[in-house]
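Structure at a glance
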Amino acid sequence: MALLPAPVTYSYSHRPVNANTLKYISLLTLTLQNAILGLSMRYARTRPGDIFLSSTAVLMAEFAKLITCLFLVFNEEGKDAQKFVRSLHKTIIANPMDTLKVCVPSLVYIVQNNLLYVSASHLDAATYQVTYQLKILTTAMFAVVILRRKLLNTQWGALLLLVMGIVLVQLAQTVGPSSGPAAGASATAASSGGAPEQNRMLGLWAALGACFLSGFAGIYFEKILKGAEISVWMRNVQLSLLSIPFGLLTCFVNDGSRIFDQGFFHGYDVFVWYLVLLQAGGGLIVAVVVKYADNILKGFATSLAIIISCVASIYIFDFNLTLQFSFGAGLVIASIFLYGYDPARSTPKSNMQGPGGDEEKLLPRV
């Protein structure tokens with residue numbers, strides 16, 4: 001009988017350590033994913049040298065995601081080739097209506113990713129990072145209209161702060177460094193190096209379009225695919241299989257002449273392939289770790305990513321951090337925390353429910 005307490009004490013002493021470790025890993029992963037992708041896209045689109053075609057990079061990211069998810073599904077099926085093939089046939093071919101439902105988000109994500117490249121080409125990384133948080137507003141808007149979901153008063157206040165903060169950030173850049181000599185020199189250098197000429201308004205509209213599509217796609221998924229017993233990896237296989245034809249169409253509609261003249265992989269180097277893999281694998285990594293991250297942790301990750309993007313932009317892109325921009329970014333960060341805050345969470349009953357409530361679904365996917 002004396003031996004019984006020992007294993008019990010050992011088990012309980014290690015459980016919180018493991019949970020905290022997973023939370024810190026989630027925080028680090030979400031922060032780096034949010035910050036590095038925006039900085040990398042901006043650098044890739046403005047550095048000297050031949051510029052790659054963003055439509056081809058989006059397509060190659062879908063290929064990379066498809067290969068990765070096929071491998072993960074194969075691993076889920078016990079590395080049995082026959083079970084793997086049967087699972088693909090059952091989910092994709094034998095169930096065509098479910099597969100067709102994924103056509104809409106497949107097209108939406110292709111257009112969204114192309115718009116993000118346009119935005120990163122014309123907005124500095126810090127402004128891009130802050131502006132893209134409008135996806136919280138669009139997701140909430142579609143949740144209210146399509147799902148008839150009710151928002152808390154604190155969430156409405158957070159959305160108001162979010163809009164105010166982004167307006168301040170955009171105004172700060174309109175009357176700030178974008179009209180100064182540094183911006184003119186940067187635009188000239190970018191133009192001479194083959195990068196697209198900087199057009200802040202085009203970048204803003206591209207970011208707004210991407211936010212709109214992000215919100216719609218997230219709520220569309222929740223409405224038509226709710227309750228489907230399909231793993232996240234198989235769902236991504238469906239998405240990529242249907243996204244690839246749309247991606248090919250986008251490549252040849254937008255950049256067909258340049259592809260025939262310069263080649264599909266014109267401007268590709270090690271950094272571009274790194275960016276392709278980062279874009280493909282980043283979302284999959286987030287899909288794994290997000291279940292360990294509650295709303296507060298997501299808020300910390302997004303806020304840290306905005307701060308990292310601002311600081312890195314100062315040193316990498318000669319970004320001019322003004323007081324107005326800082327105040328606007330601060331409002332956006334505050335809105336992120338306020339939107340994820342739910343007073344009911346502080347009660348024991350709410351804590352027992354875990355992070356699967358409605359307020360969790362309102363947060364857009366990173």
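What counts, and at which threshold
- Residues numbered from 1 in each chain as written.
- Predicted model: local features only at pLDDT ≥ 70, side-chain atom pairs only at ≥ 80, totals over all residues.
- Heavy atoms only, no water.
- Helix = DSSP H or I, 4+ residues; strand = E, 2+ residues; numbered from the N terminus.
- Buried < 20%, exposed > 50% of the residue type's maximum accessible area, 1.4 Å probe, protein only.
- Contact = heavy atoms within 4.5 Å.
- Axes fitted to C-alpha atoms, helices over the stretch in contact; angles between N-to-C directions.
- Parallel < 35°, antiparallel > 145°, perpendicular 65-115°, else oblique.
- Left-handed = near helix turned anticlockwise from the far one by under 90°.
- Nonpolar A, V, L, I, M, F, W, Y, C, P; charged D, E, K, R; others polar.
- Phe/Tyr/Trp six-rings, centres within 6.5 Å; stacked < 30°, edge-to-face > 60°.
- Core = buried A, V, L, I, M, F, W, Y, C linked by side-chain atoms within 4.5 Å.
- Expected span 1.5 Å × (residues − 1).
- Patch = residues over 30% accessible without salt bridge, like charges linked within 9 Å, V, L, I, M, F, W, Y side chains within 5 Å.
- Areas by Shrake-Rupley, 256 points an atom, 1.4 Å probe, with all protein chains shown as cover.
- Salt bridge = Lys/Arg side-chain N within 4 Å of Asp/Glu carboxyl O.
- pLDDT = per-residue confidence, 0-100.
- Polar contact = N/O pair within 3.5 Å; in protein donor to acceptor, adjacent residues only side chain to side chain.

The subject of this paragraph is the overall build of the protein. Of regular secondary structure, the protein possesses 16 helices and zero strands. In the protein, which comprises 366 residues, the proportion classed as buried is 46%. In the protein, of all internal contacts separated by at least 6 residues, the share reaching a separation of at least 24 is 87%.

Another point: the packing of helix 3 (residues 81-93) against helix 11 (residues 232-262). Helices that pack against each other are described as a pair by the angle of their axes relative to one another and the distance between those axes. It is at 11 Å that the axes of helix 3 and helix 11 come closest, and there the two elements cross at 60°. In terms of axis orientation, helix 3 runs oblique to helix 11. The chirality of how helix 3 crosses helix 11 is right-handed. Residues S87, L88, T91 and I92 of helix 3 form the contact with helix 11, whose participating residues are M234, V237, Q238 and L241. Of the residues belonging to the contact of helix 3 with helix 11, the class tally is five nonpolar, three polar and no charged.

Inspection of every chain in the model, using the stated rule, returns 15 aromatic pairs. Taking the centre distance of 5.6 Å and the plane angle of 65° together, the rings of F142 and F216 count as edge-to-face. Of this pair, F142 sits in helix 7 (residues 135-146) while F216 sits in helix 10 (residues 200-224), and the two are 74 residues apart along the sequence. Among the residues examined, F142 registers a relative accessible area of 10% and is labelled buried. For the pair F264 and F265, a centre-to-centre distance of 5.0 Å together with 75° between the ring planes defines the contact as edge-to-face. A residue is classified by how much of its surface remains accessible, and F265, at 42% relative accessible area, is partly exposed. An aromatic cluster of three or more residues is present, and its members are F52, Y117, F264, F265, Y268 and W273.

Turning next to the nonpolar core. One finds M41, F52, V130, V237, I306 and F325 to be the most contacted residues of the largest nonpolar core, which totals 62 residues. Looking at this core element by element, the count peaks at nine residues for helix 2 (residues 54-76). With near-sequence residues (within four places) excluded, V237 lies in contact with L66, C69, L70, V73, L88 and I92. V102, V108, L213 and A217 belong to the second-largest nonpolar core, a separate cluster that totals eight residues.

To continue, consider helix 5 (residues 103-122). Compared with an ideal rise of 1.5 Å per residue, which puts 20 residues at 28 Å, helix 5 spans 29 Å between its outermost C-alpha atoms and is within 8% of the ideal. With 14 of 20 residues buried, helix 5 lies mostly within the body of the structure.

Our focus in this paragraph is the side chain of N113. Within the secondary structure, N113 sits in helix 5. Residue classification places N113 among the buried positions, given a relative accessible area of 15%. If we ignore the near neighbours within four places in the chain, the residues touching N113 are V58, E62 and Q279.

So, about a nonpolar patch on the surface. Together, Y43, F300, L304, I307, I308, V311, I314, Y315, I316 and L321 make up an exposed nonpolar region whose accessible area comes to about 920 Å². The element contributing the most residues to the nonpolar patch is helix 13 (residues 295-316), with eight residues. As for its placement among the helices and strands, Y43 is situated in helix 1 (residues 5-46).

Considering all chains together, one arrives at three salt bridges under this definition. Notably, a salt bridge pairs E62 with K65, separated by 3.6 Å at the nearest N-O pair. Here the residue E62 and the residue K65 both occupy positions in helix 2, the gap between them amounting to three residues, near one helical turn. Summarising the burial analysis for this pair, E62 and K65 share the class buried.

So, on to the confidence of the model for the protein. Looking at the protein, pLDDT values average 79 and 78% of them are 70 or higher. Mean pLDDT per element in the protein: helix 16 (residues 358-362) is the minimum at 40, and helix 2 is the maximum at 92. For residues 1-17, every residue scores under 50 in pLDDT, and the model assigns this stretch zero contacts once sequence neighbours within four places are set aside. Predicted confidence is poor over residues 177-193, with pLDDT under 50, and the contacts of this stretch with residues over four places away or in other chains come to 13 contacts.

In this section: the packing of helix 5 against helix 10. The N-to-C vectors of helix 5 and helix 10 enclose an angle of 155°; their axes lie 8 Å apart at closest approach. As far as their axial angle goes, helix 10 and helix 5 are roughly antiparallel. The way helix 5 lies across helix 10 gives a crossing that is left-handed. By residue class, the composition of the contact of helix 5 with helix 10 is 17 nonpolar, seven polar and one charged.

This paragraph deals with unusual backbone geometry. Backbone phi values are negative for most residues with the exception of glycine, while trans is the configuration of most peptide bonds. Here the phi dihedral of K79 falls at roughly 60°; this positive angle occurs in a residue that is not glycine. Along the chain, the position of K79 falls in the loop between helix 2 and helix 3. Given a relative accessible area of 56%, K79 falls into the exposed group. For R148, which is not a glycine, the phi torsion comes out positive at approximately 55°. Mapping R148 onto the fold places it in the loop between helix 7 and helix 8 (153-174).

Right, let's talk about the side chain of S55 for a bit. Along the chain, S55 falls in helix 2. Taking relative accessible area as the criterion, S55 reaches 2% and is therefore assigned buried. Of note is the side chain of S55, whose polar atom sits 2.6 Å from the side chain of D255. Residues in contact with S55, not counting those within four places in the same chain, are N114, T250, C251 and D255.

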